[in-house]
Amino acid sequence: MKWPRAAAKTRRSIVEALTSITVTLTRPAKRGRPADALLREALYLYGLNPRRWSDEIPTEHAAALA
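Reading the values: rules and limits
- Residues numbered from 1 in each chain as written.
- Predicted model: local features only at pLDDT ≥ 70, side-chain atom pairs only at ≥ 80, totals over all residues.
- Heavy atoms only, no water.
- Helix = DSSP H or I, 4+ residues; strand = E, 2+ residues; numbered from the N terminus.
- Buried < 20%, exposed > 50% of the residue type's maximum accessible area, 1.4 Å probe, protein only.
- Contact = heavy atoms within 4.5 Å.
- Areas by Shrake-Rupley, 256 points an atom, 1.4 Å probe, with all protein chains shown as cover.
- Axes fitted to C-alpha atoms, helices over the stretch in contact; angles between N-to-C directions.
- Left-handed = near helix turned anticlockwise from the far one by under 90°.

(A) Focus on the overall build of the protein chain. A count of helical and extended segments in the protein chain gives three helices and zero strands. Starting at the N terminus and ending at the C terminus, the protein chain contains elements arranged as α-α-α. When the backbone C-alpha atoms are referred to their principal axes, the protein chain occupies close to 40 × 25 × 20 Å. The buried share of the protein chain, taken over its 66 residues, is 20%. Contacts in the protein chain between residues at least 24 apart in sequence constitute 27% of all its contacts with a sequence separation of at least 6. Element-wise, carbon and sulfur atoms account for 57% of the exposed surface of the protein chain, whose accessible area totals about 5,200 Å².

(B) Main features of the side chain of T19. Relative to the helices and strands, T19 resides in helix α1 (residues 8-25). The buried category is assigned to T19, whose relative accessible area is 2%. Sequence-distant contacts of T19, that is, excluding residues within four places in its chain, are made with R40, L43, Y44 and L48.

(C) Structural context of the packing of α1 against helix α2 (residues 36-47). For the pair α1 and α2, interaxial distance at closest approach is 9 Å and the crossing angle is 145°. Crossing angle aside, the handedness with which α1 passes α2 is right-handed. Residue-level contacts link R12, V15, E16, T19, S20, T22 and V23 of α1 to D36, L39, R40, L43 and Y44 of α2.

Shown next as structure tokens:
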């Protein structure tokens, strides 16, 4: 709701915070969980970036998001 009117730095901060929280809250021992760096990159670039939702996601990032 607030995303379209939020300043660019605010949007970046929101994405960074949500990425950190998601990586922290996912269980590292869960079978099939990607490495922290890959999960963080996939969330930051594709999962939490509305402008890139229509882009084709690379296979490794798609698997990490799944």
